[in-house]
Amino acid sequence: MPTNKPNDKPNDKPTQKKKPQVTASPERRRELLDTAAEVFAAQGYNATTVRKIADAAGMLAGSLYYHFDSKESMLDEILSAFLNELWAGYDTVLAAGLGPRETIEALVTESFREIDRHRAAVAIYQKESRHLSSQPRFHYLSDSQVKFEKAWLGTLERGVAAQVFRADLDIRLTYRFVRDTVWVAASWYRPGGQHSPEEIARQYLSMVLDGIAVRT
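This is a predicted model, so every value here is computed, not measured. Sequence order as written defines residue numbering, which begins from 1 separately in each chain. Local features in a predicted model are, by the rule used here, given only for residues with pLDDT of at least 70; side-chain atom pairs are given and counted only at 80 or more, and totals for whole chains, interfaces and linings are based on all residues. As a rule here, side-chain values cover all heavy atoms of the structure and leave hydrogens and water aside.

### Considering the overall build of the chain
Then step 1. What the chain contains, in helices and strands, is 9 helices and 0 strands.
Then step 2. A helix here means a DSSP run of H or I that spans at least four residues, while a strand means a run of E at least two residues long, and both kinds are numbered starting from the N terminus. In sequence order, the secondary structure elements of the chain are arranged as α-α-α-α-α-α-α-α-α.
Then step 3. Residues are treated as being in contact if the distance between any of their heavy atoms lies within 4.5 Å. Excluding contacts between residues fewer than 6 apart, the proportion of contacts in the chain whose partners are at least 24 apart in sequence is 69%.

### Here's the deal with helix H2 (residues 50-57)
Then step 1. Here the term buried applies to any residue with accessible area under 20% of the maximum for its type, exposed to any over 50%, and partly exposed to those in between, with areas from a 1.4 Å probe on protein chains only. Those residues of H2 not exposed but buried are Val50, Ile53 and Ala54. Buried residues of H2 fall within an arc of 100° about the axis and therefore sit on the same side. In H2, the exposed positions that point more than 90 degrees away from the buried face belong to Arg51 and Asp55.
Then step 2. In this fold, the buried residues of H2 make contact with helix H1 (26-43), helix H3 (61-65) and helix H4 (71-94).
Then step 3. Backbone geometry just downstream of H2 places Gly58 in the positive-phi region, at approximately 75°. Directions drawn from the helix axis to the C-beta atoms are what define this arc.

### Topic: the pattern of salt bridges
Then step 1. In what follows, salt bridge is the name for a side-chain nitrogen of Lys or Arg lying within 4 Å of a carboxyl oxygen of Asp or Glu. Tallying each qualifying case throughout the model produces 18 salt bridges.
Then step 2. The salt bridge involving Asp91 is made with Lys147; its shortest N-O contact spans 3.6 Å. In this pair, Asp91 is assigned in helix H4 and Lys147 in helix H7 (residues 140-161), connecting sequence segments 56 residues apart.
Then step 3. Since its relative accessible area comes to 36%, Asp91 is described here as partly exposed.
Then step 4. Within the structure, one salt-bridge network assembled from shared partners comprises Glu85, Glu110, Arg113, Glu114, Arg117 and Glu198.

### Some thoughts on a nonpolar patch on the surface
Then step 1. Among the surface-exposed residues, Phe177, Met207, Val208 and Ile212 lie close enough to one another that they form a single nonpolar patch of about 420 Å² accessible area.
Then step 2. Within the secondary structure, Val208 sits in helix H9 (residues 197-210). Exposure above 30% relative accessible area and the absence of a salt bridge qualify a residue for a patch, where like charges join within 9 Å and nonpolar side chains (Val, Leu, Ile, Met, Phe, Trp, Tyr) within 5 Å. Computed by Shrake-Rupley with a 1.4 Å probe, the accessible areas treat only the displayed protein chains as cover when residues are assessed.

### A closer look at H9
Think of an α-helix as 3.6 residues a turn; residues three or four steps apart then line up on the same face.
Then step 1. Expected span of a helix, by definition, is 1.5 Å for each gap between consecutive residues, and there is one gap fewer than residues. If you check H9, its first and last C-alpha atoms are 19 Å apart, about what 14 residues at 1.5 Å a residue would give, namely 20 Å.
Then step 2. Within H9, the full set of buried residues consists of Pro197, Ile200, Ala201, Tyr204 and Leu205. One side of H9 holds all its buried residues, which, seen down the axis, span an arc of 130°.
Then step 3. In this structure, the buried residues of H9 make contact with helix H5 (100-117) and helix H8 (171-183).
Then step 4. Trailing H9 by a residue or two, Gly211 shows a phi angle of about 85°, which is positive.

### A word on the nonpolar core
Then step 1. Residue types Ala, Val, Leu, Ile, Met, Phe, Trp, Tyr and Cys, when buried and joined through side-chain atoms within 4.5 Å, form a set referred to as a nonpolar core. Ranked by internal contacts, the top residues of the largest apolar core, which has 56 residues, are Phe40, Leu64, Met74, Val108, Phe112, Trp152 and Trp183.
Then step 2. Looking at which element gives the most residues to this core, the answer is H4, with 10 residues.
Then step 3. Discounting chain neighbours no more than four positions away, the residues touching Met74 are Leu33, Ala36, Phe40, Val50, Ile53, Leu64 and Phe68.

### Some remarks on the confidence of the model for the chain
As a general rule, the predicted coordinates of low-pLDDT regions are not to be interpreted in detail.
Then step 1. Every residue carries a pLDDT, the predictor's confidence in it, which falls somewhere between 0 and 100. Of all residues in the chain, 88% attain a pLDDT of 70 or more, and the chain-wide mean is 89.
Then step 2. Residue range residues 1-22 is modelled with pLDDT below 50. Its contacts to residues more than four positions away, or to other chains, number 6 contacts.

### Description of the side chain of Glu128
Then step 1. Relative to the helices and strands, Glu128 is located in helix H6 (residues 119-132).
Then step 2. Despite its burial, Glu128 pairs with no opposite charge, the nearest such side chain being Lys127 at 7.0 Å.
Then step 3. In protein, a polar contact requires one atom able to donate a hydrogen and another able to accept it; more generally it is a pair of N or O atoms within 3.5 Å, and residues adjacent in sequence count only if both atoms are side-chain atoms. Polar side-chain contacts of Glu128 include one of 2.9 Å to the backbone nitrogen of Tyr45.
Then step 4. If near-sequence neighbours (up to four positions away) are discounted, Glu128 is found in contact with Gly44 and Tyr45. The positive count covers Lys and Arg only, the negative count covers Asp and Glu only, and His and the chain ends enter neither.

### What about the packing of H7 against H8?
A pair of packed helices is characterised by two quantities: the angle between their axes and the separation of those axes.
Then step 1. To obtain each axis, a line is fitted to C-alpha atoms, and for helices this fit is confined to the stretch in contact; angles are then taken between N-to-C directions over 0 to 180 degrees. Contact geometry for H7 and H8: axes closest at 10 Å, N-to-C directions at 125°. As judged from the angle between their axes, H7 and H8 are oblique. Handedness of the crossing formed by H7 with H8: right-handed. Where H7 approaches H8, its residues Gln145, Phe148, Glu149, Trp152, Leu153, Leu156, Glu157 and Val160 are matched on the opposing element by Ile171, Arg172, Thr174, Tyr175, Val178, Arg179 and Trp183.
Then step 2. Think of it as three bins: nonpolar holds Ala, Val, Leu, Ile, Met, Phe, Trp, Tyr, Cys and Pro, charged holds Asp, Glu, Lys and Arg, and polar takes everything else, Gly as well. Classifying every residue of the contact of H7 with H8 by side-chain character gives 9 nonpolar, 2 polar and 4 charged. If an angle is under 35 degrees, it is roughly parallel; if it is over 145, roughly antiparallel; if it lies from 65 to 115, roughly perpendicular; otherwise it is oblique. Left-handed describes a crossing whose near helix is turned anticlockwise from the far helix through less than a right angle; right-handed describes the clockwise counterpart.

Next up, the structure:
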C-alpha cells in the first residue's frame, strides 16, 4: 500500500481497512491436503505443480494459494501430520513396558493403522524422504528415521538378550526386512478394503514370527 511522502497532501477520503480473509474450515483444509497427498504420491513431488493439485481439487490455482503459500508448505504439513501421529502411537507402545515380542507386535499393528490413516503420506515418505531430508525445512525426516531405527533395533536386541528371539538373528537385516515389508503395504493397501489394518497386522506377524510352514 503506498504511503504519503512528507510533502504529499493527505487523501481527502479516509483510508479503508482491508477486509479480513476468511479462513478455511479444518475439514476443508484437510480435504485439500488429502487431495494434494494423492497427487504427490502418484506423480512425485518435483513433477507436481500447484495447478495440478488445484485441478484435482476442482479449483483455480490462485484459490489454492489462498489457503497455502506453496506446494512445499502443503507437503510439509502432510508429512509432519503423519509422523506426529505415528510417533504418538509408537511412543505409547514403547512406554508401555511390554516384552520384546509384544512390543514388536504392537509396533507392527500401529504401523498398519498409520498406513490405513495416511496411505498417501506413507507413499510420499518412502519415495521422497531421502531427497527431501537434505533440505533444512525437512530435516526432521532424518531425525525421525534415526529415532525409528533406534526403536526397532533396540527392541530386537532386547528380545535376543531375553532369549525371546534367536541368538543367531542378524538384528540389522531383520530390522530392514520388517521395515520394508511393512511399509511397502502403502503401495497396495486401500482403506475400507476386505481386511482391517489389525487383521493385516495379525496375518503379517503370524508369518514373520511363526513362519508359514505347517508345524509338526
